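One-letter residues, chain by chain:
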Amino acid sequence: MSSLTESKFITLKKPKETIEDFQGCGINSLLTLLQHIEPNHQISADDCKRIFDYDKDGISEQRYKFNNFNNLLKDNKISYKIYMGTFNSHQEILKFLNHPVPVYFSMKVINFIKDKFKYSQININFGDGKSLFENPNHHLLLLVGYEESGSKLYFVDPVYQLPYYSNKDLSTKEKLCVLDTKQFYECVKHIKSFMELRFHQKLEKSYKKEKKKNEKQSKLG
Amino acid sequence: MTIESDNRMENMMIEINRALLHNYGNNIVLSKLKESSLNEYNLELDYNKIFHIKDEKTKTLFVRNIKFNKIFGSKLKFNEKLELPLDEVNSAILSEYDQIKNNIIHRVLSRKELVLSLIKNTHISMAFMNKFYTLLNQLVINDIFYVHTIEELRSKNNNFDKYVNLILEEGFAELDSNNNLISTNKLKLLFKNKKEIKDTVDEALFILIKNHYDYIIYDLNIHTLKTYVNIVSCLVYLNEYMKLGDIKMKVQDFYRVYLTFYRKVDFDKFRERVNNLVYSNVIMSDNGAISLTV
């Protein structure tokens, strides 16, 4: 693996739609990824809600849902696929930082970042926090940058920041959530998982080929 | 615990958490892992769903969770792949939800003022409830409901007997030798305590609904009552379980709470029902933000 630079940031663009509900953290993360790689995409929050059984309770096969999401990307000629990735050290996920990286945390992480959730339009109330932060529930944060060779990590919360931030806010470092590596490991140590966005050159080639063919045909027509 | 077994435990935790997250999503979580014998572990899983409710009055987003402890437990060997029996886990989750639903419906049914405003003001159920009113009014005023009137009403409505039977079963009346319905001491005592005819009939009706809710819904086919009780029960849930009694929320936000507990209903239909409850003063609406009135 190539050595890390001193710092790196990517500029996040707010997706066209976001879901203002905790259960929407996965979908908001995926919409943010799509916005980053394909700003003119036609995939809506409702498409994602349908695929991920947003309104349903209980549990179901997650891989099947991700397969369906990848099929949706294929239908929209987007040359990427999403996989569930794992890591051992934070350096491993920093190498993916050409786009935002959705990383899974325990809910405890909210304790470290909730001071950033201050808005004029809404107050966020987590109650006494006990039942929320002390349970082993998972939450996603979008890794958007790092400093000090990776010992200071910057994130955007897809549920408690993204819906309330402007593009300007998202590019203002002071507005982002910051974790040092100790805090980071404290909240990921029993999960160490992330959503991996993988580019598929083969797919891109075939989509380009198809596009050329269609253009040729329409000219002839 | 040795360092080796300590590491094994840590690895197991990571493997199980990943398996849960990657295969079954965010809401099922590992709550307990204990080594039971060499290379064998007991695990317990919780179901945990976090949701948001926005108070339009104070512009506050309340983050709360529904948690079901020990939704599934099993033994797992080190390096063994975790596979959950989806049907079994989902049925356990469903039964936890059913338990909450039963409790909150019970809470609604135990609140007399709420039940009476529901049935008095909801026009469809009112039509059905009129049969009870007719019977109980007569019994309180005249102490008797003559057999010829029963037969007359029976000829117009073939399930009128079921209403009579319920009143008999609750002990508000009994049959005399001529098959007239005569009021019992229980009803007379109620009247003595309440003093007013209207209050006595209301109290009797409340007792009938509280004690025979399922029968009234499923046998007398007054499903409309259930529809409205379900909606109100969600407000009671927010009030009593989540301690969010003072909030005023948008119907869309309330709809999401409703969907957590009950079968999916079209949003427009749901809004229409909420509006009916607003018109009947069970729910208060302030610029479209709703809260429980009673």
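First things first, this report covers the structure right here in the doc. This one's a predicted model, so the numbers in the text were calculated from it and none came from an experiment. One numbering rule holds for all chains: residues counted from 1, following each sequence as written. As a convention, the first chain written is A and the first ligand written is 1, with the rest following in written order. Local features in a predicted model are, by the rule used here, given only for residues with pLDDT of at least 70; side-chain atom pairs are given and counted only at 80 or more, and totals for whole chains, interfaces and linings are based on all residues. Think of the side-chain values as coming from all heavy atoms in the structure, minus any hydrogens and water.

## Structural notes on the layout of surface pockets
Here is step 1 of the chain: A cavity here means a set of points on a 1 Å grid, drawn over the protein atoms and nothing else, where a 1.4 Å probe fits but cannot get out; a pocket is an open set with protein on both sides within 12 Å along at least five of seven lines, and a residue lines either one if it has an atom within 4 Å of a point. Grid points are joined across faces, edges and corners, and a volume is the space filled by probe spheres set on the points. By volume, the largest pocket is sized at about 800 Å³.
Here is step 2 of the chain: Lining the largest pocket are 39 residues, and of these A:Phe52, A:Asp53, A:Lys56, A:Gly58 and B:Asn27 lie nearest its centre.
Here is step 3 of the chain: Helical segments are the DSSP runs of H or I of at least four residues, strand segments are the runs of E of at least two, and each set is numbered from the N terminus. Elements with a contribution of two residues or more to the lining of the largest pocket: helix H1 (25-37) and helix H3 (62-75) of chain A together with helix H1 (3-24), helix H2 (86-109) and helix H11 (251-261) of chain B.
Here is step 4 of the chain: Considering every element that reaches the lining of the largest pocket, the biggest residue donor is H2(B), with six residues.
Here is step 5 of the chain: Approximately 690 Å³ is the volume attributed to the second largest pocket.
Here is step 6 of the chain: Sorting the residues of the lining of the second largest pocket by element identifies helix H2 (45-51) of chain A together with strand S2 (40-55) and H11 of chain B as the ones contributing at least two each.
Here is step 7 of the chain: Per-element accounting of the lining of the second largest pocket gives the leading share, five residues, to H11(B).
Here is step 8 of the chain: When residue character is reported, Ala, Val, Leu, Ile, Met, Phe, Trp, Tyr, Cys and Pro are called nonpolar, Asp, Glu, Lys and Arg charged, and the others, Gly included, polar. Split by residue class, the lining of the second largest pocket holds eight nonpolar, three polar and twelve charged.

## Digging into the packing of aromatic side chains
A ring pair, where both rings are aromatic, is described by two values, the distance of the centres and the angle of the planes.
Here is step 1 of the chain: Under the pairing criterion, centres of Phe, Tyr and Trp rings, with the six-membered ring standing for Trp, must be within 6.5 Å; the plane angle then separates stacked pairs below 30 degrees from edge-to-face pairs above 60, leaving the rest tilted. For the structure shown, the criterion picks out 31 aromatic pairs over all chains.
Here is step 2 of the chain: Ring geometry for A:Phe117 versus A:Tyr160: centroids 5.5 Å apart, planes at 40°, classification tilted. Of this pair, A:Phe117 sits in the loop between helix H5 (109-113) and strand S4 (123-125) while A:Tyr160 sits in the loop between strand S6 (152-156) and helix H7 (167-170), and the two are 43 residues apart along the sequence.
Here is step 3 of the chain: Among the aromatic residues, those joined into a ring-pair cluster are B:Tyr47, B:Phe68, B:Tyr97, B:Tyr237, B:Tyr241, B:Phe254, B:Tyr255, B:Tyr258, B:Phe261, B:Tyr262, B:Phe267 and B:Phe270.
Here is step 4 of the chain: By the criterion adopted, a ring carries a charge over it if an Arg CZ or a Lys NZ lies within 6 Å of its centre and within 35 degrees of its normal. Above the ring of A:Tyr83, the side-chain terminus of A:Arg198 is found at 3.9 Å from the ring centroid.
Here is step 5 of the chain: The ring centre of B:Phe172 lies 5.2 Å from the NZ or CZ of B:Lys186, which sits over that ring.

## Notes on the side chain of B:Glu203
Residues and elements named next belong to chain B.
Here is step 1 of the chain: Along the polypeptide, Glu 203 turns up in helix H8 (residues 197-211).
Here is step 2 of the chain: Only 2.5 Å separates the side chain of Glu 203 from the side chain of Lys 112, close enough to count as a polar contact.
Here is step 3 of the chain: Contact criterion: two residues are considered in contact whenever any of their non-hydrogen atoms come within 4.5 Å of each other. Discounting chain neighbours no more than four positions away, the residues touching Glu 203 are Lys 112, Leu 190 and Lys 194. Whenever two N or O atoms come within 3.5 Å, that pair is a polar contact, provided that in protein one can donate a hydrogen and the other can accept it, and provided that, for residues adjacent in sequence, both atoms are side-chain atoms.

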